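Each chain, letter by letter, is given below.
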Amino acid sequence: MTHTYLIAQAGSNAAADVIQKAIELSENTRQSWAETWDFVLAAEPLSLWGAIVKFSFGIAAFALVYLAIQYGSEIAKTKSLGTVIEMFVFPLVVLVLLGGDGRILAGVVLAIRGVAQSFMLGILSTSLGGVTLQKAIEELNHNSLAIARVRQVMSQCDGLVGA
C-alpha cells in the first residue's frame, strides 16, 4: 500500500507540474492575444485596421448621402435645425469615430476590452474567507487530477493478487 501512496504522490507532483504549466500557458496566451489586439488595431493606413476603416468610411459617407436624398424633402420643409441634427446624429458619430484613420474607434475598442479584462481579473482575485477564486480553481484542479491519478493507480492494482 505504501508503494501505491508513493506512486500516487509522484502522480500528484506531476499533476501539480501540469497545472503550473497550464497556468503559464494561459498567461502566455493572454499576452499573445494582447499583442495581437494591439497589432490588429494599429491605426496605420497600410494595416488591416486601416483598410477596414477606409472601407467603413466609404459606406458611412454613402449612408449620409442616402439619408440626405431619402429625407431631403422633409429637411427642406422643416424649419427646425434640431430635427435635421437628430436625423444625422448617428451617421455623424460613426464618421467621427472612423476619422483619423480609426484611432478614436481603436481607442474605444481597446478601452472596452481593458475594462472587461479588469472586471474578469477582479472576479478572479475576489477573496472569500481569505481564499481567492483563482486559487480555489487551481486547488480544485490539483485535487481532481490527484484523485484521478490515485484511481488510475488503484485500478492497475485491482487485478493483482499475492503479497
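Procedures and definitions
Residues numbered from 1 in each chain as written. Predicted model: local features only at pLDDT ≥ 70, side-chain atom pairs only at ≥ 80, totals over all residues. Heavy atoms only, no water. Helix = DSSP H or I, 4+ residues; strand = E, 2+ residues; numbered from the N terminus. Buried < 20%, exposed > 50% of the residue type's maximum accessible area, 1.4 Å probe, protein only. Contact = heavy atoms within 4.5 Å. Areas by Shrake-Rupley, 256 points an atom, 1.4 Å probe, with all protein chains shown as cover. Patch = residues over 30% accessible without salt bridge, like charges linked within 9 Å, V, L, I, M, F, W, Y side chains within 5 Å. Salt bridge = Lys/Arg side-chain N within 4 Å of Asp/Glu carboxyl O. Expected span 1.5 Å × (residues − 1). Core = buried A, V, L, I, M, F, W, Y, C linked by side-chain atoms within 4.5 Å. pLDDT = per-residue confidence, 0-100. Bend = angle between axes of the 7 residues up to and from the residue.

A. Quick peek at the overall build of the protein chain. Helix and strand content of the protein chain: six helices and two strands. Counting every position in the protein chain, which comprises 163 residues, the buried fraction comes to 17%. Nonlocal contacts in the protein chain, meaning residues at least 24 apart in sequence, comprise 63% of its contacts between residues at least 6 apart. In the form shown here, the protein chain has an accessible surface area of approximately 12,000 Å², with 69% of it arising from carbon and sulfur atoms.

B. Just a nonpolar patch on the surface, in detail. On the surface, a cluster of nonpolar side chains totalling about 400 Å² of accessible area is made up of Phe39, Val40, Leu48 and Ile52. Listed by contribution, the elements that provide at least two residues to the nonpolar patch are helix H1 (2–40) and helix H2 (48–70). Along the chain, valine 40 turns up in helix H1.

C. Representation of H2 in the model. When the terminal C-alpha atoms of H2 are compared, their 33 Å separation across 23 residues agrees well with the 33 Å that a helix rising 1.5 Å per residue should span. Taken together, the buried positions of H2 are Trp49, Gly50, Val53, Ala60, Leu64 and Leu67.

D. Molecular detail of the nonpolar core. One finds Leu41, Trp49, Val53, Ala60, Leu64, Leu67, Val84, Met87, Phe88, Leu95, Leu98 and Ala106 forming the largest nonpolar core, which totals 12 residues. For this core, the secondary structure elements donating two or more residues are H2 and helix H4 (81–98). What leucine 64 contacts, discounting residues up to four positions off in sequence, is Phe88, Pro91, Leu92 and Leu95.

E. Broad picture of the side chain of arginine 113. Structurally, the position occupied by arginine 113 is in helix H5 (residues 103–125). With near-sequence residues (within four places) excluded, arginine 113 lies in contact with Ala34 and Trp37.

F. Summary view of the environment of alanine 60. Note on placement: alanine 60 falls in helix H2. Looking at alanine 60, the relative accessible area reads 9%, which means it is buried. Each C-alpha atom of the pair alanine 60 and valine 94 lies 7.1 Å from the other, and the pair is 34 residues apart in sequence. Those residues within four positions of alanine 60 in sequence are excluded, and the remaining contacts are Val94, Leu95 and Leu98.

G. Expanded view of the confidence of the model for the protein chain. Summarising the model, the protein chain shows a mean pLDDT of 74, and 73% of its residues fall at 70 or more. Mean pLDDT across the secondary structure elements of the protein chain bottoms out at strand S1 (residues 127–128), with 57, and peaks at H2, with 84. Low pLDDT, under 50, characterises residues 1–8; the predicted model gives this stretch seven contacts beyond four residues in sequence or across chains.

H. Expanded view of the environment of valine 94. Residue position: valine 94 is located in helix H4. Here valine 94 falls in the partly exposed class, since its relative accessible area comes to 26%.

I. Fine view of H4. Helix length check: H4 (18 residues) gives 25 Å between terminal C-alpha atoms against 26 Å at 1.5 Å per residue, within 8%. A maximum bend of about 50° is found in H4 at valine 89, where proline proline 91 lies one to four positions downstream. Within the sequence span of H4, burial applies to Val84, Met87, Phe88, Pro91, Leu95 and Leu98. Immediately beyond the C-terminal end of H4, within one or two residues, lies glycine 100, with a positive phi of roughly 65°.

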